[in-house]
Amino acid sequence: MNIIIAPSLLASDHARFGEGAERAGRSGADWLHLDIMDGHFVPNITFGPQVVKAIRPLTKLFFDVHLMCSKPEILVEHFAKAGADEMIIHVELGEQIPSLIRQIKSLGKKVGLAVNPPTAIAAVEPYLEQIDLLLVMTVNPGFGGQEFIREGLPKIQQAASWRRDKALSYRISVDGGITNMTGADCARVGADTFVAGTSLFGARNLKFAVAKLRKSVNDAVSH
Ligand code: DX5
Ligand code: ZN
């Protein structure tokens, strides 16, 4: 699986989302990760479909939209129209998952499923055949700049062994506290998609930081 580097716009200047998206587009990154928080599923609020629509023309990057929302069913159509390429929903929503997956697919978009640190990885197993990406959260969602939770590593390993055993092709993404070092740790156990906010947008040179993260994870898997 090729490596994807996805800077998270959450860590960019919130007075200048357009500039952040353009900078990410010029940085050599593969995707732009967009964190949508509703003040209910997580104790924070970010932005909605209008911001996504406004920045869509500014970059060709794939828009990876992470819905940390209690009622994604009322939002997915709006995000699809605004230019999302993939929408990630949380497995913690439980019985709503099958219909949300159907809804996102019917909009012609890719589907991701995220799992929070306190949730057992077994919760995602019933959906693996239906998803394009599995997102293992390595912090409790809601805020950027938190410390990487190492308990995510065995979950990534399990996700990778299911993928092999079941001959599936979903991506394995990690999100939260990803640096050159923790990214390499995740790559070693099977992650291929790396979301990073603070360590990329917080760097003096975004392009250099993206290249460095890519090299760290590539080196980790080739050694
Ligand atoms: C956390 C978000 C992350 C966040 C990661 O709730 O889902 O995408 O941007 O930020 P860092 O890389 O700073 O931990
Ligand atoms: Zn995220």
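See the structure shown above.
Every value quoted in this text rests on a predicted model; they were computed, and no experiment measured them.

Draft legend 1. Looking closely at the overall build of the protein chain. A count of helices and strands for the protein chain gives eight helices and eight strands. Its C-alpha atoms give the protein chain a radius of gyration of 16 Å, within 12% of the compact-globule value 17 Å for 223 residues. Along the first, second and third principal axes, the C-alpha atoms of the protein chain reach 45 × 40 × 30 Å. Each of the 223 residues in the protein chain was classed as buried or not, and the buried ones make up 54%. Taking as baseline every contact in the protein chain between residues at least 6 positions apart, the subset at least 24 positions apart corresponds to 65%. With an accessible surface of roughly 10,000 Å², the protein chain has 52% of that area assigned to carbon and sulfur atoms. Where the 24 positive side-chain charges of the protein chain centre and where its 23 negative ones centre are 6 Å apart.

Draft legend 2. Expanded view of the packing of aromatic side chains. In this structure the tally under the stated criterion is two aromatic pairs. Look at Trp31 and Phe62: their rings are 4.3 Å apart centre to centre, the planes differ by 25°, and that puts the pair in the stacked class. With Trp31 in strand 2 (residues 31-37) and Phe62 in strand 3 (residues 62-68), this residue pair connects regions lying 31 residues apart in the sequence. Between Arg56 and the ring centre of Phe63, over which it is positioned, the NZ or CZ distance is 3.6 Å.

Draft legend 3. Just the coordination of the zinc ion (ligand 2), in detail. Distances from the zinc ion (ligand 2) to its protein donors, His33 (NE2), Asp35 (OD), His66 (ND1) and Asp175 (OD), fall within 2.0 to 2.3 Å. Considering all six donor atoms around the zinc ion (ligand 2), angles at the metal cover 71 to 168° and the coordination shape is octahedral. Positions of the donor residues of the zinc ion (ligand 2), expressed as sequence spacing, correspond to H-x1-D-x30-H-x108-D. Remark: Asp175 occurs in strand 7 (residues 171-175) and His33 occurs in strand 2; sequence separation between them is 142 residues. The pair formed by His33 and Asp175 is uniform in burial state, with each residue classed as buried.

Draft legend 4. Seen up close, the environment of Met37. Among the structural elements, Met37 can be located in strand 2. C-alpha of Met37 to C-alpha of Ser70: the two residues are 33 residues apart in sequence and 9.2 Å apart in space. The residues contacting Met37, other than those within four sequence positions of it, are Leu10, Val42, Asn44, Ile45, Thr46, Met68, Gly142 and Phe143.

Draft legend 5. Looking closely at the site of ligand 1. The environment of ligand 1 is made up of 20 residues, and the closest members are Ser8, Asp35, Asp175, Gly197 and Thr198. His66 has a polar side-chain atom sitting 3.3 Å from an oxygen atom of ligand 1. Relative to its unbound accessible surface of 380 Å², ligand 1 loses 99% to contact with the protein. Of all the secondary-structure elements, those providing two or more residues to the shell around ligand 1 are strand 2, strand 3 and strand 8 (193-196). Top element by residues in the shell around ligand 1 is strand 2. It accounts for three residues.

Draft legend 6. Summary view of the side chain of Arg56. With respect to the secondary-structure elements, Arg56 resides in the loop between helix 2 (49-55) and strand 3. A polar contact is formed between the side chain of Arg56 and the backbone oxygen of Leu61, at a distance of 2.6 Å. Apart from the residues lying within four places of it in its own chain, the contact partners of Arg56 are Leu61, Phe63, Ala82, Gly83 and Asp85.

Draft legend 7. Region of interest: unusual backbone geometry. The phi dihedral of Ala167 is positive, around 50°, even though this residue is not glycine. Along the chain, Ala167 turns up in the loop between helix 5 (152-165) and strand 7.

Draft legend 8. How the structure looks around the sheet that holds strand 4 (residues 86-90). The eight strands lie next to each other as 1-8-7-6-5-4-3-2, forming an open sheet whose pairing is parallel. The outermost strands of the open sheet, each flanked by one partner alone, are strand 1 (4-7) and strand 2. Averaged over neighbouring strand pairs, the angle between their axes works out to 25° when direction is ignored. Here four bridges tie strand 5 (residues 110-115) to strand 6 (residues 133-137), and the two strands are oriented parallel to one another. Its bridge partner being in strand 6, Leu113 is matched across the sheet by Leu134.

Draft legend 9. Fine view of helix 5. Here helix 5 is 14 residues long and its end C-alpha atoms lie 20 Å apart, about the 20 Å a rise of 1.5 Å per residue gives. All of the buried residues in helix 5 are Gly152, Leu153, Lys155, Ile156, Ala159, Ala160, Ser161, Trp162 and Arg163. For helix 5, the elements touching its buried residues are strand 5, strand 6, strand 7 and helix 6 (180-188).

About the cut-offs
Residues numbered from 1 in each chain as written. Chains lettered and ligands numbered in written order. Predicted model: local features only at pLDDT ≥ 70, side-chain atom pairs only at ≥ 80, totals over all residues. Heavy atoms only, no water. Helix = DSSP H or I, 4+ residues; strand = E, 2+ residues; numbered from the N terminus. Rg over C-alpha atoms; globule rule 2.2 N^0.38 Å. Buried < 20%, exposed > 50% of the residue type's maximum accessible area, 1.4 Å probe, protein only. Contact = heavy atoms within 4.5 Å. Areas by Shrake-Rupley, 256 points an atom, 1.4 Å probe, with all protein chains shown as cover. Lys, Arg positive; Asp, Glu negative; His and termini not counted. Charge placed at Lys NZ, Arg CZ, Asp CG, Glu CD. Phe/Tyr/Trp six-rings, centres within 6.5 Å; stacked < 30°, edge-to-face > 60°. Lys NZ or Arg CZ within 6 Å of the ring centre and 35° of its normal. Donors = N, O, S within 2.8 Å, 3.2 Å for Na, K, Ca; no water. Tetrahedral: all angles 85-135°; square planar, octahedral: opposite > 155°, others 65-115°. Near = heavy atom within 4 Å. Polar contact = N/O pair within 3.5 Å; in protein donor to acceptor, adjacent residues only side chain to side chain. Pairing = 2+ DSSP bridges. Axes fitted to C-alpha atoms, helices over the stretch in contact; angles between N-to-C directions. Expected span 1.5 Å × (residues − 1).

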